[in-house]
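# Coordinates in review
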Amino acid sequence: MIKGVNFPSYVFASLVAGYVMMGVDIMLEGFLGLFGSYRQYVEIVSYTGLFRGYEDLAMVIGHTFNSMIFAIFFVTPQVYHRLPSPWGAVKGLFFGICWHALALAFLVITSLLGARMSELMLPHHLHQHLTLLLLHVVWGVTLGALYNLKDDNDSYTRESKT
């Protein structure tokens, strides 16, 4: 485990944030010409041919694992304490925006280097970019609002205050 991480809170916050992100995308599909990006990801899963007939399930499970894995970066004390604002939801807002920028940069670089999966994942229309940015903000804000730091009896917290 990572020193200073409130593991139960991390698991809960990351699972709920991933669920909320996906739920917003599904429920708001078409709202203002945005959202519905889950359909693109189901198509990408179909492209691989690994989960024939189970693409939707694979997308949901994969998205859940991604939310948990990528939330590790947010809850790591070295990152969490450097994000601006004393409020978790605002920290999450900044993290969501930064995470989106990093994901986009990764996709652009790997697409330029010929990675077919990255080419498929890289949206080409402005509304798709805006949708993914908004969804990462929803994820980050939810993650930040729900994650609770370890209490003051934690050794990391005591050391960082001295």
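Keep in mind that what you see is a predicted model, and the values were worked out from it rather than measured.

### Topic: the side chain of His100
Relative to the helices and strands, His100 is located in helix α5 (residues 88-112). Apart from residues lying up to four places away in sequence, His100 is in contact with His129, Leu132, Leu133 and His136.

### A closer look at the packing of aromatic side chains
In total, this model carries 9 aromatic pairs according to the counting rule given. Ring geometry for Phe74 versus Tyr80: centroids 5.2 Å apart, planes at 80°, classification edge-to-face. No difference in accessibility class separates Phe74 from Tyr80, as the two residues are buried. Here the aromatic rings of Phe74 and Phe95 are separated by 5.2 Å at their centres, their planes lie at 55°, and the arrangement is tilted. Of the two residues, Phe74 is situated in helix α3 (residues 55-75) and Phe95 in helix α5; the sequence distance between them amounts to 21 residues. The rings of Phe70, Phe73, Phe74, Tyr80, Phe95, Trp99, Trp139 and Tyr147 are connected pair by pair, giving a single aromatic cluster.

### Describing the packing of helix α1 (residues 7-27) against α3
Interaxial distance between α1 and α3 falls to 8 Å at its minimum, and their mutual angle equals 130°. Classified by the angle between their axes, α1 and α3 sit oblique to one another. The hand of the α1/α3 crossing is right-handed. Here Tyr10, Val11, Ser14, Leu15, Ala17, Gly18, Met21 and Met22 of α1 come into contact with α3, specifically with Met59, Val60, His63, Thr64, Ser67, Met68, Ile69, Ala71, Ile72 and Val75. Residues of the contact of α1 with α3, tallied by class, amount to 13 nonpolar, 5 polar and no charged.

### A look at the confidence of the model for the protein
Taken as a whole, the protein shows an average pLDDT of 89; of its residues, 93% reach a score of 70 or greater. Across residues 154-162, where pLDDT falls below 50, the model places 13 contacts with residues more than four positions away in sequence or in other chains.

### As for the side chain of Asp25
Position of Asp25 relative to the elements: it lies in helix α1. Lacking a salt bridge, the buried Asp25 has Arg39 as its closest oppositely charged neighbour, with an N-O distance of 8.4 Å. Leaving out residues up to four positions away in the same chain, Asp25 has contacts with Phe35, Gly36, Ser37, Tyr38, Thr131 and Leu135.

### Side note on the nonpolar core
Within the largest apolar cluster, 21 residues are counted, with the highest numbers of intra-cluster contacts made by Tyr10, Phe74, Trp139, Leu143 and Tyr147. In terms of residue count, α1 provides more of this core than any other element does, 5 residues in total. Not counting residues within four places of it along the chain, the set of residues in contact with Trp139 comprises Ala17, Gly18, Met21, Ser67, Phe70, Ala71, Phe95 and Trp99. In this structure, Met22, Tyr38, Val45 and Met59 belong to the second largest nonpolar core, which totals 6 residues.

The rules we used
Residues numbered from 1 in each chain as written. Predicted model: local features only at pLDDT ≥ 70, side-chain atom pairs only at ≥ 80, totals over all residues. Heavy atoms only, no water. Helix = DSSP H or I, 4+ residues; strand = E, 2+ residues; numbered from the N terminus. Contact = heavy atoms within 4.5 Å. Phe/Tyr/Trp six-rings, centres within 6.5 Å; stacked < 30°, edge-to-face > 60°. Buried < 20%, exposed > 50% of the residue type's maximum accessible area, 1.4 Å probe, protein only. Axes fitted to C-alpha atoms, helices over the stretch in contact; angles between N-to-C directions. Parallel < 35°, antiparallel > 145°, perpendicular 65-115°, else oblique. Left-handed = near helix turned anticlockwise from the far one by under 90°. Nonpolar A, V, L, I, M, F, W, Y, C, P; charged D, E, K, R; others polar. pLDDT = per-residue confidence, 0-100. Lys, Arg positive; Asp, Glu negative; His and termini not counted. Salt bridge = Lys/Arg side-chain N within 4 Å of Asp/Glu carboxyl O. Core = buried A, V, L, I, M, F, W, Y, C linked by side-chain atoms within 4.5 Å.

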